[in-house]
Amino acid sequence: MFLTGGLKSLLPHVLRRIIRCNRLSISNTSGMAEGYKQANVVILPKSLADDFEKFCRANDGPLPLLYRSKPGDWKCPSLSSDSDIRTDCLQYRIFEHGACTGSLKSLKEYSEQLKDMVTFYLGCSFSFEKAVQNAGIPVKNVEQKCNVSMYKTAVPCYSISTFCCNLVVTMRPIPESKLEAAVLATSELKEAHGAPIHVGDPGLLGIQDLSKPDYGDPVHLHPGDIPVFWACGVTGIEAVINCRAPLAFTHSPGCMFITDLKNDHVTVRFSREVPQVHCISQDPLHYSIVSAEAAQKIKNLETLIAIDPGDRGIIHLHRQDELLKACLSISHARSVLITTGFPTHFTYEPPEENDGPPGALAIAAMLQALEKEVAIVTDQRAMNLNKKIIEEAVQLGILKRPVPLLSYQRESADSALMFLCENGNPGRPRFDHLIAIERAGMAADGNYYNARKVNIKHLVDPIDELFLAAQTIPGVTTTGVGDGGNELGMGKVKDAVKKHIKNGDVIACDVEADFAVVAGVSNWGGYAIACALYILSTCEVHDRYLRKAVGFPHLSKKMVWLSALPSVTKEEKLLKTLVQHGVRSGKTASLEMEVDGLPFYNTHSLMIEKLL
């Protein structure tokens, strides 16, 4: 018997011969033949082969197709020189009508049946282990001398005919300081599943207990380790089970076919394409991935909107990358709640200013284009006004359809939780993300102030309570957009507001959001969020991460997203609508932006005289 020592340095053809002779006392091929590609194996009746190939093409993250044999062909000349698929895996599984009926060391006794079957060789994450180690990252399952952990998820693959199943993933513990290096090391190894599809809490994939993998062995996480998940070729086994073929064979999970191909043909990325990793939530822990190019575009937007036309000192409130992290979080959300409304003109009817609603509707329009659920919550006294504005925004083509309009009143201690969650259950939130844009925020004394220290509490419903409640609901994140520090969400920068903003010691909002987007004019912040969501949606790196590397890229919808971007024409039409309803301006400014090379002119807060 050969033991594990030295196996990692043996050439693949030598290892295959040893495996063929059944002379290995190991349970998996992780760490063997370092630097060479390994393959998952699926063997199906030829009548199912075309559909299974389509299934692989449609889900190329978990099922990167290395080679498809002809019926009855036991060799794979493009992958190895002298192989026999009947004998060259450590162990096989046999499936009959979807049920696993046994494990085998050899398929030779089924040679007659194999004459009418097709073998698929699919990429494996064992292939990238050497690249990960070369990046200075420990491969914990190799260190712990066990198989990698594999889990069934709640993520559905793209179905083709009878092939339908949920994604299976592998998990590797990665030190937090090495996350970006791990993503970079694997992102170009497409035939070994490429970059991770999830970084953070396993519950977000529907995995309940990391100590109980569905396949493989539990791998221990050390303090400071983050669970990182890659798409896994065992997804093919789940597809075989669900298709209920009369007869099928696969490798046993972890017992791969070792090829003669090296992992040394990697295209070097341009710096703008390098993936970046950003933490977007602590509870549950969640990281997102985006290309350097897309991240830089969003950072440029953040710089542009930080121009301070009123010279009020908002530069001191700015926190780097808040726009990027906020929009990464929003891009992962299924359902978003927006609030706006600052009754600064308290002696008029209506008392609202026109900073806020245009930005809110710009965000809502992009969310609709991205097929996310979106609703707006506002003051009860302003419901009719906002209803009319939304209806006219639809007529003007700014919104695809009306946005549901909600109001919130405190009736009991758990009113906010009941509003945000089904039956007040924090495990079933109605919204994943809350956005406040130019929304009056509660100060430390419980009042609401405009910039001149006038208390406007009598005009403001306690929507702040929703943001406070959101802090207690796992998976719900919040963004505040403001331009003076007295807006909802700006509690995150309240110390800077008190120090640098006129009247800040009184007016500073005390309620913080997870992300504080500071802009010279709050509408600019709304426009920037809409544009940043567009940039993220057109980023191939981020798109793949969002769809968990299953299905097809969503870039075909780019023209729909493009049509939802804010523009001068849209803003001018909406501002005229606001004026017709008596909404007054509070600021004057103009700003020119460019997104993806397209001119994007923000002209918010044109003088009312010009509009008339």
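Keep in mind that what you see is a predicted model, and the values were worked out from it rather than measured.

A.B. asks: Please clarify how helix α2 (residues 46-58) should be interpreted in this entry.
C.D. replies: Spacing of three or four residues puts side chains on the same side of an α-helix, whose turn is 3.6 residues. Between its terminal C-alpha atoms α2 stretches 19 Å, which fits the 18 Å expected from 13 residues at 1.5 Å a residue. Where α2 is concerned, the buried positions are Leu-48, Ala-49, Phe-52, Phe-55, Cys-56 and Ala-58. If you follow the buried residues of α2, they end up packed against β1 (36-45), β2 (65-68), β5 (117-123) and α7 (235-243).

A.B. asks: Mind showing me how you'd approach the environment of Val-290 here?
C.D. replies: By secondary structure assignment, the location of Val-290 is in strand β14 (residues 285-291). Relative accessible area serves as the criterion here: at 0%, Val-290 is assigned to the buried category. Residues Val-290 and Met-256 lie 34 residues apart in sequence; the distance between their C-alpha atoms is 31 Å. Setting aside chain neighbours within four positions, we find Val-290 in contact with Val-274, Pro-275, Gln-276, His-278, Ala-295, Leu-328, Leu-536, Cys-539, Val-541 and His-542.

A.B. asks: Honestly, the domain arrangement of the chain in this entry has me stumped. Any pointers?
C.D. replies: It is common to report an interface's size as the accessible area lost on association of the parts. Domain assignment breaks the chain into domain 1 (11-262) and domain 2 (306-611). Computed over C-alpha atoms, the centres of domain 1 and domain 2 are 45 Å apart. Across the boundary between the two partners, domain 1 contributes 19 residues, which contact 7 residues of domain 2. Carbon and sulfur atoms make up 58% of the surface buried where domain 1 meets domain 2, a total of about 970 Å² over both sides. The largest contributions to the domain 1 side of the interface with domain 2 come from Ala-58, Tyr-158 and Ile-197, which together make up 38% of the buried area.

A.B. asks: Sorry if this is basic, but what is going on with unusual backbone geometry here?
C.D. replies: A negative phi holds for most residues other than glycine; trans holds for most peptide bonds. Following Asp-283, the chain continues to Pro-284 via a peptide bond in cis, the omega torsion being 0 degrees. Within the secondary structure layout, Pro-284 lies in the loop between β13 (275-282) and β14. Residue Pro-350 is reached from Glu-349 by a cis peptide bond, and omega for that bond is 0 degrees. By the secondary structure assignment, Pro-350 is in the loop between β15 (335-341) and α10 (357-369). At Asp-321, a residue that is not glycine, the phi angle is positive and equals roughly 70 degrees. Inspection of the secondary structure puts Asp-321 in the loop between α8 (292-305) and α9 (322-332). A relative accessible area of 13% means that Asp-321 is categorised as buried.

A.B. asks: Before we go on, may I ask you to explain the nonpolar core in this structure?
C.D. replies: Across soluble globular proteins, you tend to see nonpolar side chains buried next to one another. Ranked by size, the top nonpolar core spans 84 residues in total, and within it Ile-338 and Met-366 carry the most contacts. Among the domains, domain 1 (11-262) and domain 2 (306-611) are the pair contributing at least three residues each to this core. In this structure, Leu-48, Cys-56, Val-169 and Ala-231 belong to the second largest nonpolar core, which totals 46 residues.

A.B. asks: In this structure, what is going on with the packing of aromatic side chains? I would like to understand it.
C.D. replies: Each pair of aromatic rings is reported with the distance of its centres and the angle of its planes. Tallied over the entire structure, the rule returns 10 aromatic pairs. Members of the aromatic cluster, each reached through a chain of ring pairs, are Phe-52, Phe-55, Phe-120 and Phe-163. Above the face of the Trp-74 ring, Arg-86 is positioned so that its terminal group lies 3.5 Å from the ring centre. The ring of Tyr-545 carries the charged tip of Lys-548 above its face, separated from the ring centre by 5.2 Å.

A.B. asks: What am I meant to see in the packing of α10 against helix α19 (residues 568-580) here?
C.D. replies: Between two packed helices, what matters for the description is the angle formed by their axes and the separation of those axes. For the pair α10 and α19, the least separation of the axes is 10 Å and the interaxial angle reads 130 degrees. Here α10 is positioned oblique relative to α19, judged by the angle of their axes. Between α10 and α19 the crossing geometry is right-handed. Only Leu-574, Leu-575 and Leu-578 of α19 make contact with α10, whose side of the interface consists of Pro-357, Pro-358 and Leu-361. Residues that form the contact of α10 with α19 fall into these classes: 6 nonpolar, no polar and no charged.

A.B. asks: What exactly am I supposed to notice about the pattern of salt bridges here?
C.D. replies: Side-chain pairs of opposite charge can arise whenever the charged atoms involved come near each other. Scanning the model with the defined rule gives 28 salt bridges in all. Here Lys-140 makes a salt bridge to Asp-225, at a shortest N to O gap of 2.6 Å. Separated by 85 residues along the polypeptide, Lys-140 in helix α5 (residues 140-143) and Asp-225 in strand β10 (residues 225-231) bring together distant segments of the chain. Using a relative accessible area of 7% as the deciding quantity, one classes Lys-140 as buried.

A.B. asks: How should I be thinking about the sheet that holds strand β9 (residues 215-216) in this particular structure?
C.D. replies: Neighbouring strands of a sheet are bound in pairs by backbone hydrogen bonds; such pairs are parallel or else antiparallel. Overall, antiparallel pairing links the 7 strands, which are arranged β9-β6-β7-β10-β8-β14-β13 in an open sheet. Strands with a single pairing partner mark the edges of an open sheet, and in this sheet they are β9 and β13. Here 7 bridges tie strand β7 (residues 166-175) to β10, and the two strands are oriented antiparallel to one another. Looking at the pairing, Pro-173 lines up with Pro-227 of β10. Those strands touched by helix α6 (residues 179-187) are β7, β8 (198-200), β10, β13 and β14, and its axis lies near 135 degrees from that of β13. Helix-sheet contacts for α7 involve β6 (149-156), β7 and β9, and the interaxial angle to β7 is about 160 degrees.

Calculation rules
- Residues numbered from 1 in each chain as written.
- Predicted model: local features only at pLDDT ≥ 70, side-chain atom pairs only at ≥ 80, totals over all residues.
- Heavy atoms only, no water.
- Helix = DSSP H or I, 4+ residues; strand = E, 2+ residues; numbered from the N terminus.
- Expected span 1.5 Å × (residues − 1).
- Buried < 20%, exposed > 50% of the residue type's maximum accessible area, 1.4 Å probe, protein only.
- Contact = heavy atoms within 4.5 Å.
- Domains from an automatic or database assignment.
- Buried area = accessible area lost by both parts, 1.4 Å probe.
- Core = buried A, V, L, I, M, F, W, Y, C linked by side-chain atoms within 4.5 Å.
- Phe/Tyr/Trp six-rings, centres within 6.5 Å; stacked < 30°, edge-to-face > 60°.
- Lys NZ or Arg CZ within 6 Å of the ring centre and 35° of its normal.
- Axes fitted to C-alpha atoms, helices over the stretch in contact; angles between N-to-C directions.
- Parallel < 35°, antiparallel > 145°, perpendicular 65-115°, else oblique.
- Left-handed = near helix turned anticlockwise from the far one by under 90°.
- Nonpolar A, V, L, I, M, F, W, Y, C, P; charged D, E, K, R; others polar.
- Salt bridge = Lys/Arg side-chain N within 4 Å of Asp/Glu carboxyl O.
- Pairing = 2+ DSSP bridges.

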